[in-house]
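Structural overview for review
This is what each chain is made of:
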Amino acid sequence: MNTPLGPDCLPVVYGELETDTRLYSLGLIVHGESNGTGSTTLRGDMSSEIGDRDLVEDPLFILERGEVYRNPTEVKMSQIVLPCHANHCGELSVGQLLKWMDSTACLSAERHAGSPCITASVDDIHFEHTIGVGQVVNIKAKVNRAFTSSMEVGISVSCEDLFSDSLWNVCDAFATFVARRSEVGKVQLKQVVPRTQTEQMEYSIAAERRRMRLIHAEIITDLLSTSTAQLGECQEYQNAVSAERTRVESVELVLPPHANHQVSTFGGQIMAWMENVATISACRLCNAHPTLRTIDMFHFRGPSHIGDRLVLKAIVNNAFKHSMEVGVCAEAYQGAGELRHINSAFMTFEVLDKDGKPRTLPRIRPEHVDGNRRYQEAIARKKIRLDRKYIISCKQTEVPLSVPWDTSNQMYLSYSNLSALKIMAAQGNWMLSSEKNKVSLYTLEENQMLCFKVETTVNVPAEQAFQLLSDLRRRHEWDRHYQQCDVIIQPDEDDTIYQVTTPCVSRGGKGQDFILLASRRKPCDSRDPYLIALRSVTVPTHPASEDYTRGEVLCAGFSIIEESSDVTTISYYNQATPGVFPYISNDIAGLSSSFYGTFQSCSKYLEENRDSLDALPPLKPGAEWDGPGRTPL
Ligand SMILES: CCCCCCCCCCCCCC(=O)SCCNC(=O)CCNC(=O)[C@H](O)C(C)(C)COP(=O)(O)OP(=O)(O)OC[C@H]1O[C@@H](n2cnc3c(N)ncnc32)[C@H](O)[C@@H]1OP(=O)(O)O
């Protein structure tokens, strides 16, 4: 535990976070959390057997008329795995599983849209377990959020062994479906109305995931160009297998049974064909049975139809000690026509020994210039996957409070920063602790974790309040804990890294400094708030110094809701541990009013500046910190 006061006017969050508040990855949720379809499951690592059927049941949300609530878009599918669904090892083929997942998700999307829907993309999927013949696959899908013509569908897959009466999670995924009605062109979907706390959380985070997915290709291209430039020559290994030996090409004629109910090629079938060639390619490297672990996010670029020929190509791009990356591409043509690129994917395979541990794999020898490029890019993607897993899929108890920031993880940190704030804000059991002069203090205690929220209403337009509060350089105007605040880096318009110094709290003691990532977001639609999320990061240019005690913030920030054109509700959130409780207990018990004082000066600051923003020069994206003590911009 460090010193109690932080740069957020309120005590800062320190220490290990004993919480099941969860961070969400783009496609996969790795640890105990909501499963994307409205139910809550407890899972961990590979030993994630649920063991208790109740954990995957829907939360029993009782409607006023006494009925149990069920999401109107929810669709369930259960299938017994038969030998015809399995590979030669008696495990359900992932291709078959993808078909079932795509069908269930599409039917859920169509239930919401009331019109035909097509799969646009599927986020990263991580398969935690294989499924055997005779076991039952349960798939649940529901629409988390509708945008204009597209929707995010959350899919959860569990496996059930009827003989041992056990149940475990296999994977969670998020797919995007686009509604199409030929006669009207672009469809305007009705909004999803979240009814439960989990639905509210999924609804809120779906906007973040959409943002990430729409710029995913761009991010990966940027990261690849910077990362591969640093990698140098390909390493040579003894007994390496030639990449060319793993090359597979296979053609499929799209027949009516391969089409969906809209007569284009069924997306699940395309994924199954892709998985088939990828598995053959992986086998050629290891001469053993490979297990598919992850599929990176992919995008159905364009449709294909009955009568099309689909050319499926796969090659092992690189093999690491325990995993290999296979690149797969699907192209379509008609008769003697041109090839159309319809899909690409990167799949990661492992080979498991008899104890289920990954075996050491032979290395790959790339050939030709193109082979070297693929080899290097696979290394870069491996790093990107690890970064992403570390930042956005880790259990919070495993993440250090300050996460290293660099350009390669910038997007993921921003995403996790905002998602953590959204998850905190979406909790339904906030208790009003005290109220004074229109400022309310709420607390939330769960799993030895204490969060608090301070809320008030101001007569300032929401956008203006957002602009004023998101520039931390002005925070000293209303918050005495912000002694100095300098911009270190501003990678883009929505993210800024600041160094904040706070006064010392004990006589003769040191002040604190904080390296804070502030990520801000404007609303995606009228149901969203403006958000400013804060968390600690580390940057190599600013190590902890002797002059200050380095303080840390795990999750804090503002949610700003427009009540009318002139009235705005401002909520400040902070996530604390039992260790800081003594410092805020006075306020919670009503013995002190420091929160109110700070929040009232915040309201005053906003109202005094309701018509101006121009006290400081605007932040410029790309700005870099230029040395201690100097003006950063
Ligand atoms: C063998 C067994 C068979 C069994 C059969 C069982 C059948 C069961 C049934 C199962 C059936 C299963 C179903 C199947 O089998 S569907 C068959 C597989 N899918 C396809 O063939 C789709 C091919 N792709 C396209 O047609 C286009 O690329 C689409 C239409 C997808 C986008 O085209 P385009 O870009 O020109 O359109 P737009 O600019 O107007 O955007 C439209 C919306 O799309 C959003 N968007 C765009 N890109 C992405 C992205 N990467 N991630 C997320 N979202 C993305 C975008 O933001 C916008 O959203 P909004 O802002 O409006 O909200």
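Residues numbered from 1 in each chain as written. Predicted model: local features only at pLDDT ≥ 70, side-chain atom pairs only at ≥ 80, totals over all residues. Heavy atoms only, no water.

1. Examining the overall build of the protein chain
Cut-off, in case you're wondering: Numbering of helices and strands starts at the N terminus; helices are DSSP runs of H or I of at least 4 residues and strands are runs of E of at least 2. Relative accessibility thresholds used throughout: buried, under 20% of the residue-type maximum; exposed, over 50%; partly exposed, between the two (1.4 Å probe, protein chains only). By definition in these notes, contact holds between two residues if any of their heavy atoms fall within 4.5 Å. Reported accessibility uses the Shrake-Rupley method at a 1.4 Å probe radius. Residues are deemed covered only where the shown protein chains occlude them.
Along the backbone of the protein chain there are nine helices and 30 strands. The proportion of buried residues among the 633 residues of the protein chain is 58%. Restricting the contact set of the protein chain to residue pairs at least 6 apart, pairs at least 24 apart contribute 71%. When the accessible surface of the protein chain is summed, it comes to about 26,700 Å², and 51% of that surface belongs to carbon and sulfur atoms.

2. Let's talk about the site of the ligand
Note the threshold: Residues are classed as near a molecule or strand on a simple rule: at least one heavy atom within 4 Å of it. Pairs of N or O atoms are called polar contacts if they sit within 3.5 Å, as long as, within protein, a hydrogen donor faces a hydrogen acceptor (for residues adjacent in sequence, only side-chain-to-side-chain pairs). Any residue that is not Ala, Val, Leu, Ile, Met, Phe, Trp, Tyr, Cys, Pro, Asp, Glu, Lys or Arg is counted as polar, Gly included; the first ten are nonpolar and the last four charged.
Surrounding the ligand, one finds 32 residues, the nearest of these being Thr 148, Ser 149, Ser 150, Gly 267 and Phe 300. At 3.0 Å, a backbone N or O of Thr 119 approaches a nitrogen atom of the ligand. Here a nitrogen atom of the ligand sits 2.9 Å away from a polar atom, N or O, in the side chain of Ser 121. Against a free-state accessible area of 1,300 Å², the protein chains account for coverage of 77% of the ligand. Contributions of two or more residues to the shell around the ligand are made by α1 (94–113), β6 (117–122), β10 (166–181), α2 (197–214) and α4 (267–286). Considered class by class, the residues forming the shell around the ligand number eleven nonpolar, 14 polar and seven charged.

3. Describing the pattern of salt bridges
Put simply, the rule is: Here, a salt bridge means any Lys or Arg side-chain nitrogen found within 4 Å of an Asp or Glu carboxyl oxygen.
Summed over the entire model, instances satisfying the criterion amount to 34 salt bridges. Here Arg 213 makes a salt bridge to Glu 152, at a shortest N to O gap of 2.8 Å. Here Arg 213 is found in helix α2, whereas its partner Glu 152 is found in strand β9 (residues 150–161), with 61 residues between them in sequence. Both residues of the pair, Arg 213 and Glu 152, count as buried.

4. Side note on the sheet that holds strand β17 (residues 324–333)
The following threshold applies: Paired strands, in this sense, are two strands between which DSSP finds at least two bridges. Fitting a line to C-alpha atoms yields each axis, with helices limited to the stretch in contact; the angle taken between N-to-C directions then spans 0 to 180 degrees.
Reading across the sheet, the six strands line up as β7-β14-β18-β17-β16-β13 and stay open at both edges, with antiparallel pairing between neighbours. Looking at the sheet topology across the chains shown, the edges are occupied by β7 (125–126) and β13 (248–253). Sheet strands touched by α4: β13, β14 (291–295), β16 (309–319), β17 and β18 (340–350). Its angle to β16, the strand with the most contacts, is close to 40 degrees.

5. Some words on the packing of α2 against helix α6 (residues 410–426)
Filter applied, for reference: In what follows, roughly perpendicular refers to angles from 65 to 115 degrees, roughly parallel to angles under 35, roughly antiparallel to angles over 145, and oblique to any angle outside these ranges. Working rule for handedness: look at the near helix, and if it is turned counterclockwise from the far one by less than a right angle, call the crossing left-handed; if clockwise, right-handed.
Where α2 contacts α6, the axes come no closer than 9 Å and their chain directions differ by 165 degrees. When the interaxial angle is binned, α2 and α6 end up roughly antiparallel. Where α2 crosses over α6, the two elements pack in a sense that is right-handed. On α6, the residues touching Gln 197, Gln 200, Met 201, Ser 204, Ile 205, Ala 207, Glu 208, Arg 209, Arg 211 and Met 212 of α2 are Met 411, Tyr 412, Tyr 415, Leu 418, Ser 419, Lys 422, Ile 423 and Ala 426. Partitioned by chemical class, the residues of the contact of α2 with α6 number ten nonpolar, four polar and four charged.

6. A word on the domain arrangement of the protein chain
Threshold: Domain borders in the structure are assigned automatically or taken from a domain database.
For the protein chain, the assigned domains read domain 1 (5–16 + 402–608), domain 2 (24–214) and domain 3 (234–384). Contacts between domain 2 and domain 3 engage 30 residues on the former and 20 residues on the latter. At the boundary of domain 2 and domain 3, one finds twelve residue pairs in polar contact (both at pLDDT 80 or more). Looking at the side of domain 2 that touches domain 3, the elements with two or more residues in it are α1, β6 and β7. Considered class by class, the residues forming the side of domain 2 that touches domain 3 number 13 nonpolar, nine polar and eight charged.

7. Quick notes on the state of the cysteines
Convention followed: Pairs of cysteine sulfur atoms within 2.5 Å are what we label disulfides.
Tallied over the entire structure, the rule returns zero disulfides. No disulfide involves Cys 159; its nearest neighbouring cysteine sulfur is the one of Cys 171, lying 11 Å away.

8. Notes on the nonpolar core
We apply this condition: Buried Ala, Val, Leu, Ile, Met, Phe, Trp, Tyr and Cys residues form a nonpolar core when they are joined through side-chain atoms within 4.5 Å.
Of all hydrophobic cores here, the largest spans 75 residues; its most connected members are Met 101, Met 151, Ile 155 and Met 324. Counting contributing residues, this core receives three or more from each of domain 2 (24–214) and domain 3 (234–384). Setting aside its immediate chain neighbours within four residues, Met 151 contacts Ala 109, His 112, Ala 113, Cys 117, Val 143, Arg 145, Ala 146, Ala 175, Thr 176, Phe 177, Ala 179 and Leu 189. In this structure, Leu 450, Leu 472, Val 553 and Ala 576 belong to the second largest nonpolar core, which totals 38 residues.

9. Considering the packing of aromatic side chains
Applied cut-off: Within 6.5 Å between ring centres, the rings of Phe, Tyr and Trp (the latter by its six-membered ring) count as paired, and their orientation is classed by plane angle as stacked under 30 degrees, edge-to-face over 60, tilted in between. Any Lys NZ or Arg CZ found within 6 Å of a ring centre and within 35 degrees of that ring's normal is scored as a charge over the ring.
Overall, the coordinates contain five aromatic pairs when judged by the stated rule. Aromatic pair Phe 558 and Tyr 572: ring centres 5.3 Å apart, planes at 65 degrees, arrangement edge-to-face. Within this pair, whereas Phe 558 is found in strand β29 (residues 556–562), its partner Tyr 572 is found in strand β30 (residues 568–576), the two being separated by 14 residues in sequence. The pair formed by Phe 558 and Tyr 572 is uniform in burial state, with each residue classed as buried. Three or more aromatic residues link up through ring pairs in this structure, and these residues are Trp 478, Phe 558 and Tyr 572. Across from the ring centre of Phe 320, 4.9 Å away, lies the NZ or CZ of Lys 382, which sits over that ring.

10. So, α2
Our working definition: Residue count minus one, scaled by 1.5 Å, sets the expected span of a helix. At any given residue, the bend is defined as the angle formed between two axes, one fitted to the seven residues that end at that position and one fitted to the seven that begin there.
For α2, which comprises 18 residues, the first-to-last C-alpha distance of 26 Å matches the rise-based estimate of 26 Å (1.5 Å per residue) to within 8%. The largest bend in α2 comes to about 25 degrees, at Ala 206. With 13 of its 18 residues buried, α2 lies for the most part within the structure.

11. Considering the environment of Ile 80
Along the chain, the position of Ile 80 falls in strand β5 (residues 75–80). Residue Ile 80 is classed as partly exposed on the basis of its relative accessible area of 43%. On a C-alpha basis, the gap between Ile 80 and Tyr 548 in space is 62 Å, while along the polypeptide they are 468 residues apart. In contact with Ile 80, not counting residues within four places along its chain, are His 85, Gly 134, Gln 135 and Val 136.

12. Quick notes on the pairing of β29
For β29, the tally of buried residues reaches five of seven residues, placing the bulk of the element in the interior. Note that strand β27 (residues 530–538) and β29 share five bridges and pair antiparallel. In the sheet register, Ala 533 faces β29, and the bridge partner there is Gly 557. By the bridge criterion, seven bridges tie β29 to β30 in an arrangement that is antiparallel. Following the sheet pairing, Glu 562 is matched in β30 by Thr 568. Here β29 hands over to β30 after five residues, the two strands then running antiparallel side by side.

13. Overview of a nonpolar patch on the surface
For clarity, the cut-off: Exposure above 30% relative accessible area and no salt bridge define the residues that can form patches, which grow by joining like charges within 9 Å and nonpolar side chains of Val, Leu, Ile, Met, Phe, Trp and Tyr within 5 Å.
Together, Ile 80, Leu 82, Leu 162 and Phe 163 make up an exposed nonpolar region whose accessible area comes to about 440 Å². Tracing the chain through its elements places Leu 162 in the loop between β9 and β10.

14. Notes on the packing of helix α7 (residues 462–470) against helix α9 (residues 594–608)
In contact at an axis separation of 10 Å, α7 and α9 are set at 115 degrees when each is read in the N-to-C sense. Of the two possible hands of crossing, α7 and α9 adopt the one that is right-handed. Only Cys 602, Tyr 605 and Leu 606 of α9 make contact with α7, whose side of the interface consists of Ala 465, Leu 468 and Leu 469.

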